[in-house]
Amino acid sequence: MIEITGLRLTRNGHEILKLDSFVLARGQRFLIRGQNGSGKSTLLRVMAGLDVPSQGQVKIEAHQKARVFVHQSPFLFRGDVRSNLSYGLKAHGIRANESQPRIDEAVERFELKDLLRRSSRTLSGGEIRRVALARALVLRPELLLLDEPLADLDEARAEALRAALDALPDISVVIASPICLPETWDVPSLSL
Amino acid sequence: MFADGIREAFRLLIDQDPVVMNAAGRTLFVSGSAVFLAAMVGIPLGTFVATKRFVGRRLLILLGRTGMAFPTAFIGILGYSFFARGGVLGGLELIYTPWAIILGEFLLALPITFSLTQGAVSALDPRASETARTLGAGKLRHALTLLSEARTGILLGVLTALARCMTELGVAVMVGGNIAGRTRTLAGSIVLESSRGEYSRGLAMGFLLLLLSLGVTSILVLLSFERDREAKS
């Protein structure tokens, strides 16, 4: 799915990311660990196609539209939670009869039923993250890139995310986090 | 005289004086049309300049900002030189018609709709654009999403342009000719009535113009509050 060799990214003369080699198979889940400023988020942004490396090769099988990146601090569009959940589905041209069951499933899994009509501007940090994760998962992308997805989530919600990912075994997932994931996640990791 | 002006204003409004209503209607028509055209050009152009990098971009932004401060008399004389007989566009016979005023006010409004759109879209959180892209938005949906996110600032630009066009005098008089029943706007009427010594009537027209401007400005203020609230959230 992903093959990276000799990756370097410099900004204003400073090297902010250095990764000699990285391989991820289809359906595999991987944790990128590292302290603040180690380049975890930048690596995910490169994989998402949002940043361009200065050097090296990045081969990703998934088309740009089949990769979804969830920011460390996710952004929700104006409007209510329902319109945010359906945004990507509409952008991908997925019809209502196919998208509605996906939304219903995500709403139940991330306990969003009471938030559906709420304005995105009135949500708490944890609620924003749950909506952003649900919005990404309903798309069933080939590659899902999650930047510190467990921040703002309590134990039960973190477990719900793991269960949601387990229910979609074909999706490759790369997670950036400064800390280890709970033991139940059981994913290989790499330190930057 | 001031009190007379207020009394006269109320009388003209209550009686729906045809001259005043005609000038008010024309003011709204020419200014509304000019701003509509300026929004149709300025909003897409502002969004394009805010989201793309190209040679001459900064110059375009500088020209837009400078254009916001164009003296209306300068646009008026520029328009006159184009539309007058013997001018480059003289053959179109637009001089002293409402269309000439619309085109002149379009030039006044365009830098405002362009610059305020460019500013509003540039000031958006970069995650808005990235999130739209990563969720699969194509070019059109991406642009529409940014416009939706920046809509308060953009609407503020449109209303600012409308307020400027409604109250301007230079274009209306120079290319419109201030002709009764054809090209006379409220601002032109104020000048004419004052020059004829009809100060009360001039003041009445002024109060009416003030009333229209107050309506637009009230919406501007409400939108500013909304934008401030968004910025804090």
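Refer to the structure presented above.
Residues numbered from 1 in each chain as written. Chains lettered and ligands numbered in written order. Predicted model: local features only at pLDDT ≥ 70, side-chain atom pairs only at ≥ 80, totals over all residues.

Some words on the overall build of chain B
Rules: Where helices and strands are cited, they refer to DSSP runs of H or I of at least four residues and of E of at least two residues respectively, numbered from the N terminus. To assign burial, the other C-beta atoms lying within 10 Å of each residue's own C-beta are counted, with C-beta atoms placed from the backbone; 20 or more indicates buried, 12 or fewer indicates exposed, and intermediate counts indicate partly exposed. Here, residues touch in the contact sense if the C-beta positions derived from the backbone fall within 7 Å of one another.
From N to C terminus, chain B includes eleven helices and zero strands. Along chain B, helices (α) and strands (β) appear in the sequence α-α-α-α-α-α-α-α-α-α-α when read from the amino end. Residues classed as buried in chain B amount to 43% of the 233 residues present. Restricting the contact set of chain B to residue pairs at least 6 apart, pairs at least 24 apart contribute 78%.

Description of the pairing of strand E6 (residues 143-147) of chain A
In the case of a regular strand, side chains alternate between the two sheet surfaces. Residue and element names in this part refer to chain A. Test applied: When DSSP finds two or more bridges between a pair of strands, those strands are recorded as paired. By convention, a crossover is right-handed whenever its connection, traced from the first strand over the helix to the second and viewed with the strands pointing away, goes clockwise.
The buried fraction of E6 is high, at five of five residues. Alternating positions in E6 separate into two faces, Leu-143, Leu-145 and Asp-147 on one and Leu-144 and Leu-146 on the other, with burial throughout. Here strand E5 (residues 67-70) pairs with E6 via four bridges, running parallel. Following the sheet pairing, Arg-67 is matched in E6 by Leu-143. Following the chain from E6 across helix H5 (residues 155-166) to the adjacent parallel strand E7 (residues 172-177), one finds a crossover that is right-handed.

A short note on the packing of helix H2 (residues 81-91) of chain A against helix H3 (residues 96-109) of chain A
Residues and elements named next belong to chain A. Where we set the bar: Think of each axis as a best-fit line through the C-alpha atoms, taken over the contacting stretch in the case of a helix, with angles from 0 to 180 degrees between the N-to-C directions. Each crossing is labelled by how the near helix is turned from the far one, with a counterclockwise turn of less than a right angle marking it left-handed and a clockwise turn marking it right-handed. In this count, Pro and Cys sit with the nonpolar residues alongside Ala, Val, Leu, Ile, Met, Phe, Trp and Tyr, while Asp, Glu, Lys and Arg are called charged and the others, Gly among them, polar.
Between H2 and H3, whose axes approach to 11 Å, the crossing angle comes to 145 degrees. Relative to H3, H2 is oriented so that their crossing is right-handed. In this structure, H2 uses Leu-85, Ser-86 and Leu-89 to contact H3, whose residues at the interface are Ser-99, Ile-103 and Ala-106. A breakdown of the residues in the contact of H2 with H3 according to their chemical character gives four nonpolar, two polar and no charged.

What about the sheet that holds E7 of chain A?
Residues and elements named next belong to chain A. Pairing within the open sheet is parallel, and its five strands lie in the order E5-E6-E7-E3-E8. What marks the edges here is a single partner per strand, and that holds for E5 and strand E8 (189-191). Strand-to-strand twist in this sheet, taken as the mean axis angle between neighbours without regard to direction, amounts to 15 degrees. In this structure, E6 lies alongside E7, joined through five bridges in parallel fashion. Directly across from Leu-143, in E7, lies its bridge partner Ser-172.

A word on unusual backbone geometry
Residue and element names in this part refer to chain A. The phi dihedral of Asn-12 is positive, around 50 degrees, even though this residue is not glycine. Within the element layout of this structure, Asn-12 appears in the loop between strand E1 (2-11) and strand E2 (14-24). Given 5 C-beta atoms within 10 Å, Asn-12 falls into the exposed group. Unlike most non-glycine residues, Glu-111 shows phi in positive territory, near 50 degrees. Looking at where Glu-111 falls in the secondary structure, it is placed in the loop between H3 and helix H4 (125-137).

Points about helix H5 (residues 98-122) of chain B
Residue and element names in this part refer to chain B. Which entries qualify depends on this criterion: By this rule the span expected of a helix is its residue count minus one, scaled by 1.5 Å. One fitted axis covers the seven residues ending at a residue, a second covers the seven starting there, and the bend at that residue is the angle between these axes.
For H5, with 25 residues, the first-to-last C-alpha span of 35 Å sits near the 36 Å given by 1.5 Å per residue. When the local axis directions of H5 are compared, the greatest deviation, roughly 30 degrees, occurs at Ala-109, which is followed within four positions by the proline Pro-111. Most of H5 sits inside the fold, with 21 of its 25 residues counted as buried.

A word on the interface of chain B and chain A
With 14 residues of chain B in contact, the opposing surface of chain A contributes 14 residues. Contributing elements (two or more residues each) for the side of chain B that touches chain A: helix H6 (126-134) and helix H7 (139-149) of chain B. When residues in the side of chain B that touches chain A are grouped by element, the largest group, five residues, is from H6 of chain B. Across the side of chain B that touches chain A, the residue classes tally to three nonpolar, six polar and five charged.

Brief notes about the nonpolar core
Quick reminder of the rule: Note on terminology: a nonpolar core is any set of buried Ala, Val, Leu, Ile, Met, Phe, Trp, Tyr and Cys residues joined through C-beta atoms within 7 Å.
Among the nonpolar cores identified, the biggest contains 107 residues, and Met-47, Val-131, Ala-134 and Leu-145 of chain A together with Val-35 and Ala-109 of chain B are the most heavily contacted of them. With 13 residues, the top contributor of residues to this core is H5 of chain B. Residues within four places of Met-47 of chain A in sequence aside, it is in contact with Ile-2, Ile-60, Arg-67, Leu-145 and Val-174 of chain A.

What about the environment of Ile-4 of chain A?
All names here are of chain A. With respect to the secondary-structure elements, Ile-4 resides in strand E1. In the structure, Ile-4 is positioned 52 residues away from Gly-56 in sequence and 7.5 Å away in space, judged by C-alpha atoms. Leave out the neighbours within four places in its chain, and Ile-4 touches Leu-19, Ser-21, Phe-22, Gly-56, Gln-57 and Val-58.

Examining the sheet that holds E1 of chain A
All names here are of chain A. Spatial ordering of the open sheet is given by E2-E1-E4, a layout of three strands whose pairing is antiparallel. Edge strands, defined here as strands with exactly one partner in the open sheet, are E2 and strand E4 (55-60). Put simply, the sheet's adjacent strands are angled 20 degrees from each other on average, direction ignored. Pairing of E1 with E4, which is carried by five bridges, proceeds in the antiparallel orientation. Paired with Glu-3 across the two strands is Lys-59, which belongs to E4. Contacting E1, E2 and E4, helix H1 (residues 40-48) runs over the sheet at an angle of about 60 degrees to E2.

Let's talk about the environment of Met-174 of chain B
All names here are of chain B. On the secondary structure map, Met-174 appears in helix H9 (residues 170-174). When the 26 C-beta atoms within 10 Å are taken as the criterion, Met-174 is described as buried. For the pair Met-174 and Ala-187, spaced 13 residues apart in sequence, the C-alpha separation works out to 12 Å. Other than its neighbours up to four places away in sequence, Met-174 contacts Gly-76, Ile-77, Gly-79 and Tyr-80.

Some words on the packing of helix H2 (residues 18-51) of chain B against H5 of chain B
Residues and elements named next belong to chain B. The geometry of H2 relative to H5 is characterised by a closest axis approach of 6 Å and an angle of 35 degrees between their N-to-C directions. As H2 packs across H5, the resulting crossing turns out to be right-handed. Among the residues forming the contact of H2 with H5, the class breakdown is 19 nonpolar, eleven polar and two charged.

These values are about where atoms sit, not about what they do.
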